[in-house]
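Commentary on secondary and tertiary structure
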Amino acid sequence: MGNVLLQYATVLMLTIFVGIEIIAKVPSILHTPLMSGSNAIHGVILVGSMLILGAANTNLEEVLGFLAVLLATLNVVGGFVVTDRMLEMFKAKPKTAVKKTEEVAQ
Amino acid sequence: MSRETLIDLLYLFSATTFILALKGLGSPKRARMGNGIAAVGMLVAVVATFFKFVDGHALHHVWLILLAMFIGVIIAVPTARFVKMTAMPQLVAIFNGVGGGAASLVSITEFVHIKATHPATYVTLEVLLGVLIGTVSFAGSAIAFAKLQELMTGRPVTYPGQQILNGVFGVVALALIITILVTNSTALLWILLALAFILGIAFVLPIGGADVPVLISLLNAFTGLAVAASGFTLGSNLLIVAGTLVGASGILLTRMMSKAMGRSLSNVLFSAFGSNITATGDGVREDGRTVRSGSPEDAGVLMNFATRVVIIPGYGLAVAQAQHVLRELAEELEAKGIEVFFAIHPVAGRMPGHMNVLLAEANVPYEQLLELDEANSELQTADVALVVGANDTVNPAAKDDKNSPIYGMPIISADLAENVLFLKRSMRPGFAGIENELLYNPKTMLIFGDAKDTLTKILATVKNS
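Keep in mind it's a predicted model, so treat the numbers as computed, not measured.

**With respect to the overall build of chain B**
A count of helical and extended segments in chain B gives 17 helices and eight strands. Dimensions along the principal axes, computed over C-alpha positions, put chain B at roughly 80 × 50 × 35 Å. In chain B, which comprises 465 residues, the share counted as buried stands at 52%.

**As for the overall build of chain A**
Secondary structure summary: chain A contains five helices and zero strands in total. Counting every position in chain A, which comprises 106 residues, the buried fraction comes to 57%.

**Digging into the packing of helix α3 (residues 45-54) of chain A against helix α4 (residues 59-88) of chain A**
Residues and elements named next belong to chain A. Relative to each other, α3 and α4 sit at 160 degrees, their axes nearing to 8 Å. Considered as vectors, α3 and α4 are oriented roughly antiparallel to each other. Crossing hand, α3 versus α4: left-handed. On α4, the residues that touch Ile 45, Leu 46, Ser 49, Met 50, Ile 52 and Leu 53 of α3 are Glu 62, Gly 65, Phe 66, Ala 68, Val 69, Ala 72, Thr 73, Asn 75 and Val 76. Class assignment for the residues of the contact of α3 with α4 results in 10 nonpolar, four polar and one charged.

**As for unusual backbone geometry**
Residue and element names in this part refer to chain B. At Gln 321, a residue that is not glycine, the phi angle is positive and equals roughly 55 degrees. The topology assignment puts Gln 321 in the loop between α12 (315-319) and α13 (323-335). Judged by C-beta crowding, with 16 C-beta atoms within 10 Å, Gln 321 ranks as partly exposed. Residue Asn 363 is not a glycine yet carries a positive backbone phi of 70 degrees. With respect to the helices and strands, the residue Asn 363 is situated in the loop between α14 (354-361) and β5 (369-370). A count of 16 C-beta atoms within 10 Å places Asn 363 in the partly exposed class.

**Quick word on the interface of chain B and chain A**
It is common to give the size of an interface as the accessible area lost on bringing the parts into contact. Each partner contributes to the interface: chain B provides 98 residues, whereas chain A provides 81 residues. Listed by contribution, the elements that provide at least two residues to the side of chain B that touches chain A are α1 (3-24), α2 (28-49), α3 (62-82), α4 (88-114), α8 (212-234), α9 (237-260), α13 and α14 of chain B. Class assignment for the residues of the side of chain B that touches chain A results in 60 nonpolar, 28 polar and 10 charged.

**Quick notes on the environment of Val26(A)**
Note on placement: Val26(A) falls in the loop between α1 (2-23) and α2 (31-41). Along the backbone, Val26(A) and His42(A) are 16 residues apart, and their C-alpha atoms lie at a distance of 19 Å. If we skip the residues at most four places from it in the chain, Val26(A) touches His31(A), Leu34(A), Leu25(B) and Gly26(B).

**Considering the pairing of strand β4 (residues 339-343) of chain B**
Residues and elements named next belong to chain B. With four of its five residues buried, β4 lies for the most part within the structure. Where strand β3 (residues 308-313) and β4 come together, four bridges link them in parallel fashion. What sits directly across from Val 309, in β4, is Val 340. Relative to β5, β4 runs parallel, the two being bridged by two bridges. Counterpart to Phe 342 in the pairing with β5 is Leu 369.

**Notes on the domain arrangement of chain B**
What the domain assignment reports for chain B is domain 1 (1-82), domain 2 (86-275) and domain 3 (296-464). Between the C-alpha centres of domain 2 of chain B and domain 3 of chain B the distance comes to 37 Å.

**Topic: the sheet that holds strand β6 (residues 384-388) of chain B**
Residue and element names in this part refer to chain B. Judged by pairing direction, the sheet is parallel, and its six strands sit side by side in the order β5-β4-β3-β6-β7-β8 without closing on themselves. Pairing within the sheet leaves two strands with one partner each, and these edge strands are β5 and β8 (444-448). Together, β3, β4 and β6 form the strand contacts of α13, whose direction differs from that of β3 by roughly 170 degrees.

**A short note on the confidence of the model for chain A**
Looking at chain A, the pLDDT average stands at 83 and 80% of residues meet or exceed 70. When mean pLDDT is compared element by element in chain A, α3(A) scores highest at 96, while helix α5 (residues 96-105) of chain A scores lowest at 43.

**Structural notes on the packing of helix α5 (residues 121-148) of chain B against helix α6 (residues 162-183) of chain B**
Residues and elements named next belong to chain B. Relative to each other, α5 and α6 sit at 145 degrees, their axes nearing to 10 Å. Two packed elements cross with a definite hand, and for α5 against α6 that hand is right-handed. Taken together, the residues of α6 that come into contact with α5 (itself represented by Thr 121, Thr 124, Leu 125, Leu 128 and Leu 132) are Ala 173, Ile 177, Ile 180 and Leu 181. Broken down by class, the residue content of the contact of α5 with α6 amounts to seven nonpolar, two polar and no charged.

**A look at the environment of Ser377(B)**
By the secondary structure assignment, Ser377(B) is in helix α15 (residues 372-379). Through-space distance from the C-alpha of Ser377(B) to that of Leu416(B) is 9.0 Å; in sequence the pair is 39 residues apart.

**Quick word on the confidence of the model for chain B**
Residue and element names in this part refer to chain B. For chain B, the average pLDDT comes to 87, and 94% of its residues sit at 70 or higher. Across chain B, element-level confidence peaks in α3 with a mean pLDDT of 95 and bottoms out in helix α10 (residues 265-270) with 80. Taken together, the chains of this predicted complex give a pTM of 0.81 and an interface ipTM of 0.86.

**Examining the pairing of β3(B)**
Residues and elements named next belong to chain B. Burial runs high along β3: five of the six residues are buried. Bridge count for β3 against β6 is five bridges, and the pairing is parallel. Among the inter-strand pairings, Ile 311 is bridged to a residue of β6, identified as Leu 386.

**A closer look at helix α17 (residues 451-464) of chain B**
Residue and element names in this part refer to chain B. For α17, spanning 14 residues, the distance from its first C-alpha to its last is 20 Å, which sits close to the expected 20 Å at 1.5 Å a residue. Looking at α17, one finds that the buried residues are Ala 451, Thr 454, Leu 455, Ile 458, Leu 459 and Val 462. Summarising the axial view, the buried residues of α17 lie within an arc of 135 degrees, below the 170-degree limit, and thus occupy one face.

**Topic: helix α7 (residues 186-204) of chain B**
Because an α-helix completes one turn every 3.6 residues, residues spaced three or four positions apart along the sequence face the same direction. All names here are of chain B. Compared with an ideal rise of 1.5 Å per residue, which puts 19 residues at 27 Å, α7 spans 28 Å between its outermost C-alpha atoms and is within 8% of the ideal. When α7 is considered as a whole, its buried residues turn out to be Leu 189, Leu 192, Ala 196, Leu 199, Gly 200, Ala 202, Phe 203 and Val 204. Those residues of α7 that are buried lie in contact with α4, α5, α6 and α8.

**Re the environment of Glu437(B)**
Residue and element names in this part refer to chain B. Following the sequence through the fold, Glu 437 ends up in the loop between β7 (419-424) and β8. Measuring from C-alpha to C-alpha, the distance between Glu 437 and Val 394 comes to 9.5 Å, with 43 residues separating the pair along the chain. With residues up to four places along the chain from it excluded, the contact list for Glu 437 reads Asn 395, Pro 396 and Ala 397.

Rules used in this analysis
- Residue numbering note: each chain is counted from 1, following its sequence as written.
- To read the labels, note that chains go from A and ligands from 1, taken in the order they are written.
- The predicted origin of the model limits local features to residues at a pLDDT of at least 70 and limits the giving and counting of side-chain atom pairs to 80 or more, whereas totals for whole chains, interfaces and linings rest on all residues.
- A run of DSSP states H or I qualifies as a helix once it reaches four residues; a run of E qualifies as a strand once it reaches two. Both are numbered from the N-terminal end.
- The burial label depends on the number of other C-beta atoms within 10 Å of a residue's C-beta. Counts of 20 or more mean buried, 12 or fewer mean exposed, and intermediate counts mean partly exposed, with C-beta atoms placed from the backbone.
- Structural elements are reduced to axes, namely lines fitted to C-alpha atoms, with helices fitted over the stretch in contact, and the angle between N-to-C directions of any two is expressed from 0 to 180 degrees.
- Any angle that falls under 35 degrees is termed roughly parallel, while one over 145 is termed roughly antiparallel, one within 65 to 115 roughly perpendicular, and all others oblique.
- It is the rotation of the near helix from the far one that decides the hand of a crossing: anticlockwise by less than a right angle makes it left-handed, clockwise makes it right-handed.
- By the convention adopted here, residues make contact when the C-beta atoms placed from their backbones lie within 7 Å.
- Following the grouping adopted for this structure description, the nonpolar residues are Ala, Val, Leu, Ile, Met, Phe, Trp, Tyr, Cys and Pro, the charged ones are Asp, Glu, Lys and Arg, and the polar ones are all others, Gly among them.
- Should DSSP find at least two bridges between two strands, the strands are taken to pair.
- Residue ranges for the domains originate in an automatic or database domain assignment.
- Known as pLDDT, the predictor's confidence for each residue is given on a scale from 0 to 100.
- To estimate the expected span of a helix, subtract one from its residue number and multiply by 1.5 Å.
- Arc definition: directions from the helix axis to the C-beta atoms.

Next up, the structure:
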């Protein structure tokens, strides 16, 4: 077991650095979608919730597991949909305003 | 290849998509695709999990799992789809909260499940940390939601001995964890759960509405850490990677946000910022100076003669739903050959980047959006600075008044422009509850009224002249 724990700790350590490296480069205009996007990603607890409910032996475990799957689904689905809705607005737009200025200038 | 190896490989694929997604968020063009990639990765992980064996058998209760998921989707999709963009921050808060709740429930259930097998101490410790952090995130997010949704006051809630009491809660929680490690008592676990719940509420109560976005970012990181703790317990690399990614990035983001406000994270969390309201709101200074107000028509005429206008929007713009009228005004001015920029303070709105999202929704091209430093250099040569629904982010007290609670916060220096037009609903102070010197500046003209009405009138004046 000690070796497994060490292996998990290694993964943890490396991921911390990856997380910091990636985020340090995100421009501030994307901070809100970033928060929302990472919010969706921690919804991966859904996988844990499924395993818990799938292994439930008692009524108590079933109730807790059911609630966990429900809440985790809210997290995942809500997180991705909200983020997508925010990012939809960042798609490239025709630069009509810029063109108008140029026309006036000419 | 064995079934378990295949599932683990699929999990590895999912973990990779999560990293790619966060990387994609680094540019506006790739961000949406990044989010889509993560969603695919998540779907793969969930489907693969249905085929996983636990305790030596296939998953039980598959129909219960599907039912819970179905209910979740039915609630989440319409909520996420149809809530107004201005309500985004509280929506993120609540989706974060339920994630924390799920992580906590997973840890509790695992404790109940493995208790009979007398697990190693470190396994129990992971479980207890998952319960504690997950529940704090859940309860804290619920209060953050209530504050932003204005179900309760947005001002800091303080009471005598608050810090000491919170400290005591923390110490008791720690003592409980140690006791449970020794005794493996389920009864004590429930007490820890209740205490974590109270701790989450007590932690968030003294944080003022203006600081809630920083708080949500921190709670987001907490949920990530709770998920990582569950990953240790369940032996899942996927949960460890995803949870840690969110935890590490969330803490960095939280620090970046505090820095944007010129304050340290501990100052944001523990100083009950905004509880001292110094502004009188009667429009007269002690030295007798008063504000100068004008009509929307005056503003329209002034802008017509400008060659460069910098618009400084704040949350009030979104509250008045005036971002579309503002964009029309900007287009009209540009059509007349007037240069228009939008100066975006990093904490304008209720979340970092919130204002960018709102303006993007109103079709303002993001080439026109300037960040703080660029904005301040453009303002030096601007004829008009138009402040719409912003207040604390243009308050010169942050530069000049060492006693001001916002001293040190970087601001947009609207007073560098030749003229300042300040659209305001009333003389009420901003979110931080402090007087704004800019209102009494001789350059400043106040235009009272609802931002949308005022902008519509200004637009009409600009069009007709």
